[in-house]
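Structural overview for review
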Amino acid sequence: MSELLALAGANLLSPMVLCFVLGAVAAAIRSDLEIPEAIAKGLAIYLMLAIGMKGGLAMAKSDGANVLPSIAMALALSFALPLLAYAILRGIRALGSVDAAAVAAHYGSVSIVTFVTAVEFLNGRGVAFDGVLVAMMAAMETPAIVTGLLLARRALGPGTQPQRSRARQSHLLREVLANGSIVVLVGGFAIGWAVGPSGMEKVKPFIFDIYNGMLCLFLLDMGLVAMRQMRSVDDLGLRLVGFGLVMPPLNAAIGFAAARALGFDVGSTALLATLCASASYIAVPAAMRLALPQARPAIYVTLSLGVTFPFNVAIGIPLYLSIAQWLARSP
């Protein structure tokens, strides 16, 4: 317990997390502090490109033998995790079928910012991890959307669901697969893997040296956004807020089991648990708005960004690392 508290304290006192707290405080006191949308989007693109290239570089340094099993596991997790979230939401009677399906899709997909924060947390403690986790993150973004839409289709039934043309379905598929976060992550990963250490040396100041400063600015903006979403928490009710706090460690437990099956080291185990514990608030909301307009964004965005994201940043990431270290010492 003392080790966990020390990790949590160190994480909370890091410049990145404190910038998130600063943004949250600014929003809470209704400050006029604002990160222009274009700058926030540029910061997001930079961070995704940087983390993708770093993951590709790590893959270039490894033998890459575990790539296919790891990607297969990532796809299976992303398809399956929404089923658990949906079952819990329906079991506690917190939401109707359509809203439950939309929320479930968020809790099967991943939060890139949570992953980036966890990576920096591990780097700050000298904990190594496998570069394949970046590829797994990219693989886990989309399948959960498919599962969520299938759950919603089943709930709506053929008689009540609006008929969609093949062109509409094709457009949705293209929107999901061509999502900017996926393109930049996968592309950056491929670049880092292709150029290797010598090639990455040419962009070291851009990808490595200013990375933490850019992350501070991005998390400042995320603090502003998350706190503004938190103002809607009163509309969610205690059952939904409890769901947003319970699902991260529950999904993380599944991630620990998957990591153990893959034979991951401590850092990789902690990151896979973090991926499973996170909830999307970028790619999945965009897909839900297009494919499931009946679902309420005020619920699924507030849960993922206003409840689950702060929990993972403040408590979850140190907890997952502590559990991964304990598992490594267990027979």
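Residues numbered from 1 in each chain as written. Predicted model: local features only at pLDDT ≥ 70, side-chain atom pairs only at ≥ 80, totals over all residues. Heavy atoms only, no water.

1. Some thoughts on the overall build of the protein
Short version of the rule: Comment: elements are numbered from the N terminus, with helices defined as DSSP H or I runs of at least four residues and strands as E runs of at least two. Exposure is judged per residue with a 1.4 Å probe applied to protein chains only, and the accessible area is read against the type maximum: over 50% gives exposed, under 20% gives buried, and values in between give partly exposed. Accessible surface is estimated by sampling points in the Shrake-Rupley manner with a 1.4 Å probe; for residues, cover comes only from the protein chains shown.
When helices and strands are tallied, the protein shows 16 helices and zero strands. In the protein, buried positions account for 53% of the 331 residues. As displayed, the protein offers around 14,300 Å² of accessible surface, 67% of which is attributable to carbon and sulfur atoms.

2. Quick word on the confidence of the model for the protein
Threshold: pLDDT is a per-residue confidence score from the predictor, ranging from 0 to 100.
The predicted model of the protein has a mean per-residue pLDDT of 83, with 84% of residues at 70 or higher. When mean pLDDT is taken per element in the protein, helix α14 (residues 266-277) scores highest with 96 and helix α1 (residues 2-12) scores lowest with 55.

3. Description of the packing of helix α7 (residues 132-139) against α14
Under the convention used in this document: Angles run from 0 to 180 degrees between N-to-C directions of axes, and those axes are lines fitted to C-alpha atoms, restricted for helices to the stretch in contact. Should an angle fall under 35 degrees it is called roughly parallel, over 145 degrees roughly antiparallel, and 65 to 115 degrees roughly perpendicular, with every other angle called oblique. For any helix crossing, the convention is left-handed if the near helix is rotated counterclockwise from the far helix by under a right angle, and right-handed if that rotation is clockwise. By definition in these notes, contact holds between two residues if any of their heavy atoms fall within 4.5 Å.
The N-to-C vectors of α7 and α14 enclose an angle of 10°; their axes lie 10 Å apart at closest approach. The pairing of α7 with α14 is recorded here as roughly parallel in orientation. The hand of the α7/α14 crossing is right-handed. Contacts from Leu133, Met136 and Met137 in α7 reach Ser268, Leu271, Leu272 and Leu275 in α14.

4. Comments concerning the packing of aromatic side chains
In plain terms, the rule: Here a Phe, Tyr or Trp ring, Trp counted by its six-membered ring, pairs with any other such ring whose centre lies within 6.5 Å, and the pair is stacked when the planes are under 30 degrees apart, edge-to-face when over 60, and tilted otherwise. Both a distance and an angle decide whether a charge sits over a ring: NZ of Lys or CZ of Arg must be within 6 Å of the ring centre and within 35 degrees of the ring normal.
If you walk through the whole model with that rule in mind, you get four aromatic pairs. Ring centres of phenylalanine 189 and tryptophan 193 lie 5.6 Å apart, and the angle between their planes is 75°; this geometry places the pair in the edge-to-face category. Linking phenylalanine 189 with tryptophan 193, this pair stays in helix α10 (residues 180-200), spanning four residues, or about one helical turn. Owing to a relative accessible area of 9%, phenylalanine 189 belongs among the buried residues under this scheme. Over the face of the ring belonging to tyrosine 211 we find lysine 54, whose NZ or CZ atom lies 3.5 Å from the ring centre.

5. Remarks on the environment of leucine 271
On the secondary structure map, leucine 271 appears in helix α14. Distance from leucine 271 to tyrosine 320, taken between C-alpha atoms, is 8.1 Å for residues 49 residues apart in sequence.

6. Here's the deal with the pattern of salt bridges
One side chain can pair with another of opposite charge once the charged atoms of both are near each other. Rules: For this analysis, a salt bridge means a side-chain nitrogen from Lys or Arg found within 4 Å of a carboxyl oxygen belonging to Asp or Glu.
Tallied over the full model, the rule gives two salt bridges. One salt bridge in this structure joins arginine 296 and aspartate 99, with 2.8 Å as the shortest N-O distance. In this pair, arginine 296 is assigned in the loop between α15 (283-291) and α16 (297-329) and aspartate 99 in helix α5 (residues 97-106), connecting sequence segments 197 residues apart. Classification of arginine 296 by relative accessible area gives partly exposed; the value is 44%.

7. A look at the nonpolar core
Note the threshold: Take the buried residues of types Ala, Val, Leu, Ile, Met, Phe, Trp, Tyr and Cys, join any two whose side-chain atoms come within 4.5 Å, and each joined set is a nonpolar core.
In this structure, Phe115, Leu133, Met137, Met222, Leu272 and Phe309 are the most contacted members of the largest nonpolar core, which totals 69 residues. Among the elements that make up this core, the one with the highest residue count is helix α3 (residues 37-61) (ten residues). If we skip the residues at most four places from it in the chain, leucine 272 touches Leu77, Leu133, Met136, Gly255, Ala258, Ala259, Leu262 and Phe264. With 35 residues, the next largest nonpolar core counts Ala104, Val241, Val284 and Met288 among its residues.

8. Describing unusual backbone geometry
Backbone geometry places arginine 30, a non-glycine residue, at a positive phi of 60°. As for its position among the elements, arginine 30 is in the loop between α2 (15-28) and α3. Judged by relative accessible area, arginine 30 falls into the exposed class, the value being 63%. Not every positive phi belongs to a glycine, and arginine 93 is a case in point at roughly 55°. As for its placement among the helices and strands, arginine 93 is situated in the loop between α4 (67-91) and α5.

9. A closer look at α2
Where we set the bar: A helix's residues, less one, multiplied by 1.5 Å, set its expected span.
Its 14 residues place the ends of α2 20 Å apart at the C-alpha level, agreeing with the 20 Å of an ideal helix rising 1.5 Å per residue. Looking only at α2, the buried set comprises Met16, Val17, Phe20, Gly23, Ala24, Ala26 and Ala27. Of the residues one or two after α2, arginine 30 is the one with positive phi, at around 60°.

10. Things to note about the environment of valine 307
Topologically, valine 307 is positioned in helix α16. Between the alpha carbons of valine 307 and leucine 245 there is a distance of 6.8 Å; along the sequence they are 62 residues apart.

11. So, the side chain of serine 268
Within the secondary structure, serine 268 is located in helix α14. If near-sequence neighbours (up to four positions away) are discounted, serine 268 is found in contact with Ala128, Phe129, Asp130 and Leu133.

12. A closer look at the state of the cysteines
Here is the rule we go by: When the sulfur atoms of two cysteines come within 2.5 Å, that pair is taken as a disulfide.
Per the stated rule, a full pass over the model turns up zero disulfides. Unpaired in terms of disulfides, cysteine 216 finds its nearest cysteine sulfur in cysteine 19, a separation of 3.9 Å.

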